[in-house]
Number of protein chains: 2
Amino acid sequence: MSVTAAQGFTAAGIAAGIKAPPANGSGGVPDLALVVNNGPRRAAAGVFTSNRVKAAPVVWSEQVLKGGTVSAVILNSGGANACTGPLGFQDTHATAEKVAEVLEGHSAGEVAVASTGLIGLRLPMDKLLPGVERAAAELTAHGGEKAAIAIKTTDSVHKTAQLSRDGWTVGGMAKGAGMLAPGLATMLVVLTTDADLPAADLDTALRAATRTTFDRIDSDGCMSTNDTVLLLASGASGVVPAADDFAEAVRTVCDDLARQLIGDAEGASKDIRIEVVGAASEDDAVEVGRSIARNNLLKCAIHGEDPNWGRVLSAIGTTSAVFEPDRLNVAINDIWVCKNGSVGEDRELVDMRYREVRITADLAAGTESAVIWANDLTADYVHENSAYSS
Amino acid sequence: MSVTAAQGFTAAGIAAGIKAPPANGSGGVPDLALVVNNGPRRAAAGVFTSNRVKAAPVVWSEQVLKGGTVSAVILNSGGANACTGPLGFQDTHATAEKVAEVLEGHSAGEVAVASTGLIGLRLPMDKLLPGVERAAAELTAHGGEKAAIAIKTTDSVHKTAQLSRDGWTVGGMAKGAGMLAPGLATMLVVLTTDADLPAADLDTALRAATRTTFDRIDSDGCMSTNDTVLLLASGASGVVPAADDFAEAVRTVCDDLARQLIGDAEGASKDIRIEVVGAASEDDAVEVGRSIARNNLLKCAIHGEDPNWGRVLSAIGTTSAVFEPDRLNVAINDIWVCKNGSVGEDRELVDMRYREVRITADLAAGTESAVIWANDLTADYVHENSAYSS
């Protein structure tokens, strides 16, 4: 399951005491995950937040990934270790050193670190470092699910996916609500495979996959300081898959996890699939899709099951994409409520009772397209995010 | 008062039946306003939405303003006349023709038209055109307040401002919640003056004023199809003010109205004053201020009276402004909760009980600054905007 679906990996998830224990005293909350690549190979690739304010573990792990080798990943919930200054970076460094020490024969420079939780708080290292020892003692080839549980923050469920091909497997775990635009729930993803591929090939497959999956979910337009997606290859299957097959497998697992993230976004009651068609370029399609995805008025309307296509047009109008306003067409759940920039089919025909809502925006300017997934804006979202740290 | 504070103007506001009458049968709701410049001069300038999907009245009025002469403005609430195709444009044209006809001696090409309300619905011309006749019959030199009331949509109060200098006056009315980024409540503003100035001077003063007032309020990041700001000069005072004095007066009235718009934004419980200082350029300061203003997570935190400076840093990190992450400083209500990109003064010292919240973001990269006003994100905002058209 999860990061241990592929051969060559062990994982663990434990309660280290980084998160406060529940008030009823019923033991600790899982908050520390360890994933170890037992080889024979330890090639890896990573994609990180493009936010210029990066958490200490992101700065650290970007350096680690430059070497193309990762032997272990240590992940904690309960604290983002972002905006914590040089001391926060020292904490990340000490965590990697501790992992290398307890695993023996590993180098800290090959240990990636990921953190998620509140910004601006130091991690309780007196709990985290002993937790590393306990996590290492609990590593098993079936620990993937426990690891996935330990990285949850506001996630209501843990997220895993896996897929097997001819003799090789890709698996993974995720937490959070988006990548380029995650909620407070930073997105952390660890993918593993037993395919035998060098770091450069992993990097190519991972970047291609994230570009059309995690990069195209947008729960609330906010970009985290901590987003991290890692892909580790053990080579334990001994199989060298064709590049296309491998890329497709990674993309499928990423897509599965991305959809799970949107399906569990904070406070959301609708998953909105925005497909932009008829675009002059893919960039235009993505720009328009993202503008629609981030329009608060539209997100409220979808929450109210109101097929308010005027707000879709307003959002399109703020972009630089190629289009003529009086040629735009918009369908909501397959009813073309806007044709040629004006009133189309009867809006009363649109059935919006179900969780998934499909918006199709036709720019009538070309043949390119893109799909962006978003969520509605709800009172629950406001509640959850106004009460988070206080 | 309002648009009739300056000499040379008459105005009226009536219930034409464009909005549905209240369920209790207690007469109609004001929905049609007429402002007439009786001269001797009729110079005018205008600023319009930069949304590429423009309502018919915006397309019409942009053409009118190119001539630099406006003798009357007709404004309706109850329907935006946006995304209504060629027939919607004909409706706008017919409205201007009707105003020219009933006022006698006026040309339709000098009548500006503004509309606000739902997108995608034709206006009930059978009610609007007779309304124009009734409005013209009720024009008085004291009608400014009634006009301001007639342009309200979701506004809880009508908004007017005026200011008199040595023998000349600038007055105005506004409705809505923002300009570059208004809520469903499109921003409509009509300013009048009895100063004697040509259209080019009005244009200079109006653009300078809107750039630092209406353009810097951002209630929810959404841009309307209908935003319109007009400045009409009658010359009735016979005074030709100095350019600087006039520009300052227009700016002061615009600032007053802009603050009223933010103070009445849909569902808001906080007015957030975001001042970006230490910027390398004014453009940087505005970009950073706008990014902070539009961050849903931060807007929720402010609603929850949570001085969550980490979300301010996350928002700054998404911009292209010049800054170093570890030199950023953030104050909330004058408490520097973030210093050098990390924890600063005790967040418990921040008192957020009052409606106005002040965020100061110091980029430590220069000497430029800008102020952006925004609102918090609340369950009431979600409620109001998910139930609007259904």
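Small disclaimer: the values here were computed from a predicted structure and weren't measured.

So, how was this worked out
- Residue indices begin from 1 for each chain and proceed along its sequence in written order.
- Chains carry letters and ligands carry numbers; both start at the beginning, A for chains and 1 for ligands, and go up in the order they are written.
- Where totals are concerned, whole chains, interfaces and linings use all residues; where local detail is concerned, this predicted model gives features only for residues with pLDDT of at least 70, and gives and counts side-chain atom pairs only at 80 or more.
- Side-chain metrics rest on all non-hydrogen atoms present in the structure, leaving aside hydrogens and water.
- Stacked, edge-to-face and tilted labels apply to pairs of Phe, Tyr and Trp rings (six-membered ring for Trp) whose centres lie within 6.5 Å, assigned for plane angles under 30 degrees, over 60, and everything in between, in that order.
- Cation placement over rings: the criterion is NZ of Lys or CZ of Arg within 6 Å of the ring centroid and within 35° of the ring normal.
- UniProt positions are given in the numbering used here, feature names are shortened, and annotations may be inferred rather than shown by experiment.
- Counting from the N terminus, the helices are the DSSP runs of H or I reaching at least four residues and the strands are the DSSP runs of E reaching at least two.
- For each residue, the accessible area found with a 1.4 Å probe, counting protein chains only, is set against the maximum for its type, and the residue is called buried under 20%, exposed over 50%, and partly exposed in between.
- The term polar contact refers here to a pair of N or O atoms within 3.5 Å; inside protein, the definition further demands a hydrogen-donor-capable atom paired with an acceptor-capable atom, and it admits residues adjacent in sequence only when both atoms are side-chain atoms.
- Here, any two strands with at least 2 DSSP bridges between them count as paired.
- By the convention used here, residues are in contact when the closest approach between their heavy atoms is within 4.5 Å.
- Helix axes are fitted only over the stretch in contact, all axes being lines through C-alpha atoms; the angle between N-to-C directions runs from 0 to 180 degrees.
- Domain segmentation is taken from an automatic or database assignment of domains.
- Summed over both partners, the accessible area (1.4 Å probe) lost when two parts come together is defined as the buried area.
- Criterion for a salt bridge: a side-chain nitrogen of Lys or Arg within 4 Å of a carboxyl oxygen of Asp or Glu.
- Here the term charged refers only to Asp, Glu, Lys and Arg, the term nonpolar to Ala, Val, Leu, Ile, Met, Phe, Trp, Tyr, Cys and Pro, and the term polar to all other amino acids, Gly among them.
- Here roughly perpendicular refers to angles of 65 to 115 degrees, roughly parallel to angles under 35, roughly antiparallel to angles over 145, and oblique to all remaining angles.
- The hand of a helix crossing depends on one turn: near helix anticlockwise from the far one by less than a right angle means left-handed, and clockwise means right-handed.

Caption draft 1: Structural detail: the packing of aromatic side chains. For the coordinates displayed, the defined rule picks out four aromatic pairs over all chains. One cation-aromatic arrangement involves Arg52 of chain A over Phe323 of chain B; the distance from NZ or CZ to the ring centre is 3.9 Å. Positioned above the aromatic ring of Trp373 of chain B is the side chain of Arg259 of chain B, whose terminal nitrogen or guanidinium carbon lies 3.7 Å from the ring centre.

Caption draft 2: Inspection of the UniProt feature "binding site: substrate" (unreviewed entry) in chain A at higher detail. Residues and elements named next belong to chain A. Mapped onto this structure's residue numbering, the UniProt feature "binding site: substrate" (unreviewed entry) falls at Thr153, Lys175, Thr186, Glu266, Asn385 and Ser390. Tracing the backbone shows Asn385 in helix 10 (residues 379–386). For Asn385, a relative accessible area of 0% corresponds to the buried category. A distance of 3.4 Å separates polar atoms of two side chains, one belonging to Asn385 and the other to Glu266.

Caption draft 3: Representation of the sheet that holds strand 15 (residues 356–362) of chain B. Residues and elements named next belong to chain B. A sheet is described by the order of its strands in space; here seven strands give the open sequence 9-16-11-15-12-13-14, paired in mixed fashion. Only two strands of the sheet have a single partner each, and these edge strands are strand 9 (217–218) and strand 14 (342–343). As defined by bridge partners, strand 11 (residues 271–279) adjoins strand 16 (residues 368–375) across seven bridges and the pair is classed as antiparallel. Bridged to Ile272 within strand 16 is Ala374. Each of strand 9, strand 11, strand 15 and strand 16 touches helix 7 (residues 282–293); the most contacted strand, strand 16, lies at about 20 degrees to it.

Caption draft 4: A look at helix 9 (residues 309–316) of chain B. A large share of helix 9 of chain B lies buried, amounting to eight of its eight residues. What helix 9 of chain B keeps buried is the set Trp309, Gly310, Arg311, Val312, Leu313, Ser314, Ala315 and Ile316 of chain B.

Caption draft 5: The sheet that holds strand 3 (residues 43–48) of chain A, seen in detail. All names here are of chain A. The sheet built from five strands is open, its strands ordered 3-10-8-7-6 with mixed pairing. In the strand order of this sheet, the two ends are held by strand 3 and strand 6 (159–164), each with one partner. Each neighbouring strand pair of the sheet contributes to a mean axis angle of 10 degrees, computed without reference to strand direction. Inspection of the sheet shows strand 8 (residues 188–193) paired to strand 10 (residues 228–233) by six bridges, in the parallel sense. By the bridge assignment, Val190 is partnered in strand 10 with Leu230.

Caption draft 6: Up close: the domain arrangement of chain A. Residues and elements named next belong to chain A. If you check the domain split of chain A, you get domain 1 (2–263) and domain 2 (271–386). In total, domain 1 and domain 2 occlude about 1400 Å² of area from one another, counting both sides; carbon and sulfur atoms represent 39% of this. In this assembly, domain 1 and domain 2 are joined by six salt bridges. A salt bridge links Arg211 to Glu282; its shortest N-O distance comes to 3.3 Å. Across the domain 1-domain 2 interface, the total number found is eight residue pairs in polar contact (both at pLDDT 80 or more). Taken together, the residues that form the side of domain 1 that touches domain 2 break down as five nonpolar, four polar and six charged.

Caption draft 7: Region of the structure containing the packing of helix 5 (residues 199–212) of chain A against helix 6 (residues 243–263) of chain A. All names here are of chain A. Between helix 5 and helix 6, whose axes approach to 9 Å, the crossing angle comes to 40 degrees. Taken together, the axis directions place helix 5 and helix 6 in an arrangement best described as oblique. In terms of crossing hand, the pair formed by helix 5 and helix 6 is right-handed. Together, Leu202, Ala205, Leu206, Ala209 and Thr212 of helix 5 and Phe246, Ala247, Val250, Arg251 and Cys254 of helix 6 make up the contact between the two elements. Here the contact of helix 5 with helix 6 is composed, by residue class, of eight nonpolar, one polar and one charged.

Caption draft 8: The pattern of salt bridges, seen in detail. On inspection of all chains with the given rule, the structure shows 40 salt bridges over all chains. When the shortest N-O distance is used, the salt bridge between Glu356 of chain A and Arg259 of chain A registers 3.8 Å. In this pair, Glu356 of chain A sits in strand 15 (residues 356–362) while Arg259 of chain A sits in helix 6, placing the two residues 97 residues apart along the sequence. The partly exposed category is assigned to Glu356 of chain A, whose relative accessible area is 33%. Here Arg259 of chain A falls in the partly exposed class, since its relative accessible area comes to 26%. Note that Asp196 of chain B and Arg41 of chain B form a salt bridge whose closest N and O atoms lie 2.6 Å from each other. Taken as a pair, Asp196 of chain B in the loop between strand 8 (188–193) and helix 5 (199–212) and Arg41 of chain B in the loop between strand 2 (32–37) and strand 3 (43–48) lie far apart in primary sequence, 155 residues in all. Take Asp196 of chain B: its relative accessible area is 16%, and that puts it in the buried class.

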